Amino acid sequence: MDDFTAAHELTPEQAVARLEFNYDHACDTLRESLARFVKTGVGPTPAERRHFRYPRLDITWRPTGPVPFTTRAWAKMQTPGVYSTTITQPAFFRSYLLEQLEPLVRDFGVSLSVHVSDLEIPYPYVTEGGDEFTRGTVEVAELARIFPTPRLSTVGDEVADGLWHFDPDRPRPLALFDAVRTDFSLKRLQHYTGTNWRTIQPWILLTNYQRYVDGFVRFALQELHREGSPYVALHLPGGVSVRCESSAEEAAAIVARAPWQSFQMPAYSLERGDGEGGTTIVNIGVGPSNAKNITDHLAVLRPNCWLMIGHCGGLRQSQVIGDYVLAHGYLRRDRILDDILPTEVPVPALAEVQLALQEAAALVTGDRGDALKRRLRTGTVVTYDDRNWELRWSHERRRINLSRAIAVDMESGTLAAQGYRLRVPYGTLLCISDKPLHGEIKLPGAATSFYQRAVGEHLAIGLKTIDLLRGQLHSLHSRKLRAFDEPVFR
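Residues numbered from 1 in each chain as written. Predicted model: local features only at pLDDT ≥ 70, side-chain atom pairs only at ≥ 80, totals over all residues. Heavy atoms only, no water.

**Student:** Which residues make up helix H1 (residues 12–40), and what values do they have?
**Tutor:** Helix length check: H1 (29 residues) gives 42 Å between terminal C-alpha atoms against 42 Å at 1.5 Å per residue, within 8%. Backbone geometry just after H1 places Gly41 at a positive phi near 80°. (Helix = DSSP H or I, 4+ residues; strand = E, 2+ residues; numbered from the N terminus. Expected span 1.5 Å × (residues − 1).)

Here it is, written out as structure tokens:
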């Protein structure tokens, strides 16, 4: 591979290798041109700038016989033609790309080719910190005049939202997110979570309380020092990590120094060394805006699942503080996605996730049958954008009654809708922390006692759910999440 020209009729391994070669060549050329400009003031020539482009992956399917049947919800062909997408960070996405391409070649006989696209790589996306080439000597505005910059006109979710228009003279979309949309989110993930996006794991817990994060860190440190544990590292906000070889004292000191307070939605990632995929927990804070924000960006990593484990208000007299709510439906009063995913579109519960959450609850609590039903209730969760919705109870009571909602929160409906919209399996298990309609409101003393008692068990259920789902990837990526004119890649 001594150039960056097009390569046709490739195997999946060859295609990914060519993507890596072309991408590395483009990034290296862009970085070298940036460094030269900072040092000498000489910008790139038009010929050099033609190298600052993302690689493009094309697949072509021209079936000549019966179309193979597959139960997969992804990596399947439905309409003959050419499909295309630009690719960023192909080395990081190698396993994902091969997971998509190998069955397409094996089962459908598609042809693969790699090209240089027309889409330029914005210069901030080839730097880690964003200011390596300025060092106070070059204004950002000056760089923007000479080098490609991020442009919102090139970033969008038209494919994910079903807004792309078929043109017989253009390829169909191969993936939900192209290279520039992915790079946009990778940088945002680093900004919001305080961690390198490369450390975020494919199994994700989302919470709205720091206490769950504290419990996750305790669990992680125990696992890193447990003989035979598959976990090898805990990655913390601020770019620091605890390794399995770290002593207990070293680990505690590293955790204590991690500047998690500096980041809006700090993430902690427990990495496995066996290829099965570790777990990340993100404290997303409160509200549907945060919930949409972080999942917009997490989705480009194509995680296996995200689960909401947080607190809610119980709406039924029979519920007890500390009981669990397993959401099987959502009354979306968050409003943030109404224009993108109208509220009349149902957001279905995913059977695989529901069963895993219920089984995990049984395993962790030790309860089965009626004993489990007394503690874990399945029903509809209403998600609000207004924390003080109680002040409008006279306006909201009829909707709550009609929906038969059993709990209220501010994130779960948004996270489920985002999972549905962005094709990421999702689920919700909430813990009742107050009962606003029945006089059991959240007061400081009672809340503290509840948190100490309930958080550890709730977190354990979330972690056990992920363990149960690890062996169900084929069925987990459900056809419920796929449209009739879906892009080929998961």
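**Student:** How would you summarise helix H3 (residues 94–108) if you had to cite specific residues and measurements?
**Tutor:** Turn by turn, an α-helix covers 3.6 residues, leaving residues three or four places apart pointing in a common direction. In this model, H3 (15 residues) spans 21 Å end to end at C-alpha, consistent with the 21 Å of a helix rising 1.5 Å per residue. Taken residue by residue, H3 has Tyr96, Leu97, Leu98, Gln100, Leu101, Pro103, Leu104 and Phe108 as its buried positions. Among the residues trailing H3, Gly109 stands out with phi positive, at a value near 65°. (Buried < 20%, exposed > 50% of the residue type's maximum accessible area, 1.4 Å probe, protein only.)

**Student:** Describe the environment of Ala144, and please don't skip the residues or the numbers.
**Tutor:** When you line up the elements, Ala144 lands in helix H4 (residues 140–146). Separated by 64 residues in the primary sequence, Ala144 and Asn208 have C-alpha atoms spaced 38 Å apart.

**Student:** Help me get a handle on the environment of Ala160, residues and values and all.
**Tutor:** Tracing the chain through its elements places Ala160 in the loop between H4 and strand S5 (172–173). Taking the C-alpha atoms as reference, Ala160 lies 5.3 Å from Leu176; in sequence the two are 16 residues apart. Once you skip the residues sitting within four places of it in the chain, Ala160 turns out to touch Leu176, Phe177, Arg421, Leu422 and Arg423. (Contact = heavy atoms within 4.5 Å.)

**Student:** Hey, could you go over the packing of aromatic side chains for me, with residue numbers and the actual values?
**Tutor:** Any aromatic ring pair is given by two values, namely how distant the centres are and how the planes are angled relative to each other. The tally for this structure, following the rule as stated, stands at 10 aromatic pairs. Between the aromatic rings of Phe219 and Tyr231, the centroid separation amounts to 6.4 Å while the plane-to-plane angle is 75°, which identifies the pairing as edge-to-face. Here Phe219 is found in helix H6 (residues 210–224), whereas its partner Tyr231 is found in strand S7 (residues 231–236), with 12 residues between them in sequence. By relative accessible area, which is 24% here, Phe219 ends up partly exposed. Consider the rings of Tyr384 and Trp389, whose centres lie 5.2 Å apart with planes at 5°: the pair is stacked. In this structure Tyr384 comes out as buried when scored by relative accessible area, which is 3%. According to the relative accessible area criterion, Trp389 is buried, its value standing at 4%. Its guanidinium or amino end placed over the ring of Trp74, Arg72 lies 5.9 Å from that ring's centre, counting from NZ or CZ. It is Arg272 that lies over the ring of Tyr231; its NZ or CZ is 5.2 Å from the centre. (Phe/Tyr/Trp six-rings, centres within 6.5 Å; stacked < 30°, edge-to-face > 60°. Lys NZ or Arg CZ within 6 Å of the ring centre and 35° of its normal.)

**Student:** So what about the sheet that holds strand S3 (residues 81–86)? Which residues, and what values?
**Tutor:** The strand order S1-S4-S2-S3-S5 describes an open sheet built from 5 strands, whose pairing is mixed. Each edge of the open sheet carries a strand with a single partner, namely strand S1 (7–8) and S5. The pairing of S1 with strand S4 (residues 111–120) spans 2 bridges and is antiparallel. Counted as the bridge partner of Ala7 is Val114 from S4. (Pairing = 2+ DSSP bridges.)

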